[in-house]
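Architecture and fold: a report
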Amino acid sequence: MDGTKRANIKPGIRVNIVLKQDQRSGKLTEGIVKDLLTKSPNHPHGIKVRLADGQVGRVKEIL
């Protein structure tokens, strides 16, 4: 599923995100969404979320 649409992402779902420091390499981090940080309905680079463990990044894949 697409991580660029806010409607697709809800707290509690499992996602792969790219952290700020991993943007160059594209390394993905898996986790459970705690909070949605992007307010707009779409974002071309992915909706920014905070995971349950506190890490913040943009959603690349919904698992």
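Heads up: the structure comes first, above all this text.
Analysis parameters
Residues numbered from 1 in each chain as written. Predicted model: local features only at pLDDT ≥ 70, side-chain atom pairs only at ≥ 80, totals over all residues. Heavy atoms only, no water. Helix = DSSP H or I, 4+ residues; strand = E, 2+ residues; numbered from the N terminus. Buried < 20%, exposed > 50% of the residue type's maximum accessible area, 1.4 Å probe, protein only. Polar contact = N/O pair within 3.5 Å; in protein donor to acceptor, adjacent residues only side chain to side chain. Contact = heavy atoms within 4.5 Å. Pairing = 2+ DSSP bridges. Axes fitted to C-alpha atoms, helices over the stretch in contact; angles between N-to-C directions.

1. Comments concerning the side chain of Thr38
Looking at the secondary structure, you find Thr38 in the loop between strand S2 (28-36) and strand S3 (48-51). Looking at Thr38, the relative accessible area reads 10%, which means it is buried. In terms of polar contacts, Thr38 uses its side chain to reach the backbone amide nitrogen of Lys48, at 2.7 Å. With residues up to four places along the chain from it excluded, the contact list for Thr38 reads Arg6, His43, Ile47, Lys48 and Arg58.

2. Considerations on the side chain of Asp22
Relative to the helices and strands, Asp22 is located in the loop between strand S1 (14-19) and S2. Other than its neighbours up to four places away in sequence, Asp22 contacts Lys27 and Thr29.

3. A few points about the sheet that holds S1
Taking strand neighbours around the barrel as the criterion, the four strands line up as S1-S2-S3-S4 in a closed arrangement whose pairing is antiparallel. Across the sheet, the mean angle separating the axes of adjacent strands is 70° when strand polarity is ignored. Of the strand pairs in this sheet, S2 and S3 are connected by three bridges, and their pairing is antiparallel. Looking at S3, one finds that Val33 is bridged to Leu51.

Don't take any of this as a statement about function, it's just geometry.
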